[in-house]
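Results of the structural survey
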Amino acid sequence: MTIQPIADEALAQIFTRARTHSVWSPTPIPMSIFADLYELARLGPTSANCSPMRLAFVTTQAAKERLLPALSRGNLKKAASAPAIAIVAQDRNYLDRLPELFPVGYDARSWFNTSPDAVAVHGERNTMLQAAYLIVAARALGLDCGPMSGFDRDAVNAAFFTELPWDAKLLVSLGHGAEPIREPRKPRLSAEEACRFL
Ligand SMILES: Cc1cc2nc3c(=O)[nH]c(=O)nc-3n(C[C@H](O)[C@H](O)[C@H](O)COP(=O)(O)O)c2cc1C
């Protein structure tokens, strides 16, 4: 079977030309894009389809004002002008949905809930995988992204999730970068350094 990569332009949009942005064009993004984004991101694989990621899209000025105080000083300005910021959260109770998401005739929760630590490790692993799918999906839909882990998790949870069992893991600014990034891309490890072919 021949391997058929997607077109070079598509690869450029998602990987080779795509950069992390922190200065944003004021051009708004349509609210409908968030549903499209989730529709794509949710299709990426997770362990036993456990799908622990939950998303809160911060788009209004009022919601932004609740979010911004939780950001680190360096991230404050980067996020303030973004048309939207996705709070990528993990549902602490994600396993409750497993019987429905992985209907195989027995209870697959036993694979995960061998200890509270194991539940958390599986949940975090799969939430962060889904966060990566979100970034790839956003780029595929023509958006730029600015992921940020520099924020006070407890403050975000207190501002947004007091009535939900959601735990904020990552913020991703979404929009159109205001200008091409002039700073060259930082080096990546070479395949020789980062890979072993066994
Ligand atoms: C999980 C994660 C957390 C990050 N946290 C921050 C952050 O708090 N502040 C920031 O300015 N950039 C943050 N970044 C952006 C990275 O520094 C940036 O994506 C990386 O240097 C690659 O840049 P490039 O996409 O332009 O090549 C984060 C990226 C990821 C994936």
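Residues numbered from 1 in each chain as written. Predicted model: local features only at pLDDT ≥ 70, side-chain atom pairs only at ≥ 80, totals over all residues.

**Considering the overall build of the chain**
Regarding its fold elements, the chain presents nine helices and four strands. The helix and strand sequence of the chain, counted from the amino end, reads α-α-β-α-α-β-α-α-α-β-α-β-α. Across the 198 residues of the chain, 30% fall into the buried class. (Helix = DSSP H or I, 4+ residues; strand = E, 2+ residues; numbered from the N terminus. Buried ≥ 20, exposed ≤ 12 C-beta atoms within 10 Å, placed from the backbone.)

**Topic: the site of the ligand**
As a structural note, the neighbourhood of the ligand is formed by R19, T20, S22, N75, K78, P147, M148, S149, G150, L170, R185 and K186. Along the lines of polarity and charge, the residues of the shell around the ligand split into three nonpolar, five polar and four charged. (Near = placed C-beta within 6 Å. Nonpolar A, V, L, I, M, F, W, Y, C, P; charged D, E, K, R; others polar.)

**Quick notes on the nonpolar core**
Within the largest apolar cluster, 33 residues are counted, with the highest numbers of intra-cluster contacts made by I85, I87, V88, L134, V172 and L174. Mapped by element, the contributors of at least two residues to this core are α2 (32-41), β1 (53-58), β2 (84-91), α7 (116-140), β3 (144-148) and β4 (166-175). Among all residues touching L174, those that are not within four sequence positions of it are I29, A82, P83, A84, A86, A138, L143 and C145. Of all hydrophobic cores here, the second largest spans five residues; its members include C50, Y94, L98 and F112. (Core = buried A, V, L, I, M, F, W, Y, C linked by C-beta atoms within 7 Å. Contact = placed C-beta atoms within 7 Å.)

**Some words on the sheet that holds β4**
Taken together, the four strands give an open sheet; going across it, the order is β1-β2-β4-β3, and neighbouring strands pair in antiparallel fashion. Looking at the sheet topology across the chains shown, the edges are occupied by β1 and β3. Direction aside, neighbouring strands of the sheet carry axes that sit 30° apart on average. For β3 and β4, the ladder comprises five bridges, and the chain directions are antiparallel. (Pairing = 2+ DSSP bridges. Axes fitted to C-alpha atoms, helices over the stretch in contact; angles between N-to-C directions.)

**Quick look at the packing of α2 against α7**
Relative orientation of the contacting elements α2 and α7 amounts to 125°, with a least axis distance of 8 Å. Considering the angle they form, α2 stands oblique to α7. Where α2 crosses over α7, the two elements pack in a sense that is right-handed. Side by side, α2 and α7 meet where L37, L40 and A41 of the first sit next to Q130, Y133, L134, A137, A138 and A140 of the second. Along the lines of polarity and charge, the residues of the contact of α2 with α7 split into eight nonpolar, one polar and no charged. (Parallel < 35°, antiparallel > 145°, perpendicular 65-115°, else oblique. Left-handed = near helix turned anticlockwise from the far one by under 90°.)

**Considering unusual backbone geometry**
Backbone geometry follows two general trends: most residues other than glycine have a negative phi, and most peptide bonds adopt the trans configuration. A positive phi is found at A48, a non-glycine position, where the angle reads about 50°. Here A48 is to be found in the loop between α2 and β1. By C-beta crowding, A48 is classed as partly exposed, having 17 other C-beta atoms within 10 Å. Unusually for a residue other than glycine, N49 sits at a positive phi of about 60°. For N49, a count of 15 C-beta atoms within 10 Å puts it in the partly exposed group.

**Thoughts on the environment of L40**
If you trace the backbone, L40 turns up in helix α2. When the C-alpha positions of L40 and A140 are compared, they lie 9.4 Å apart, and in sequence the two are 100 residues distant. Not counting residues up to four positions away in its chain, the partners in contact with L40 are A137 and A140.

**Overview of the environment of A131**
By the secondary structure assignment, A131 is in helix α7. C-alpha separation for the pair A131 and S22, spaced 109 residues apart in sequence, amounts to 18 Å. Beyond its immediate chain neighbours, meaning those up to four positions away, A131 contacts M53, V88, K169 and L170.

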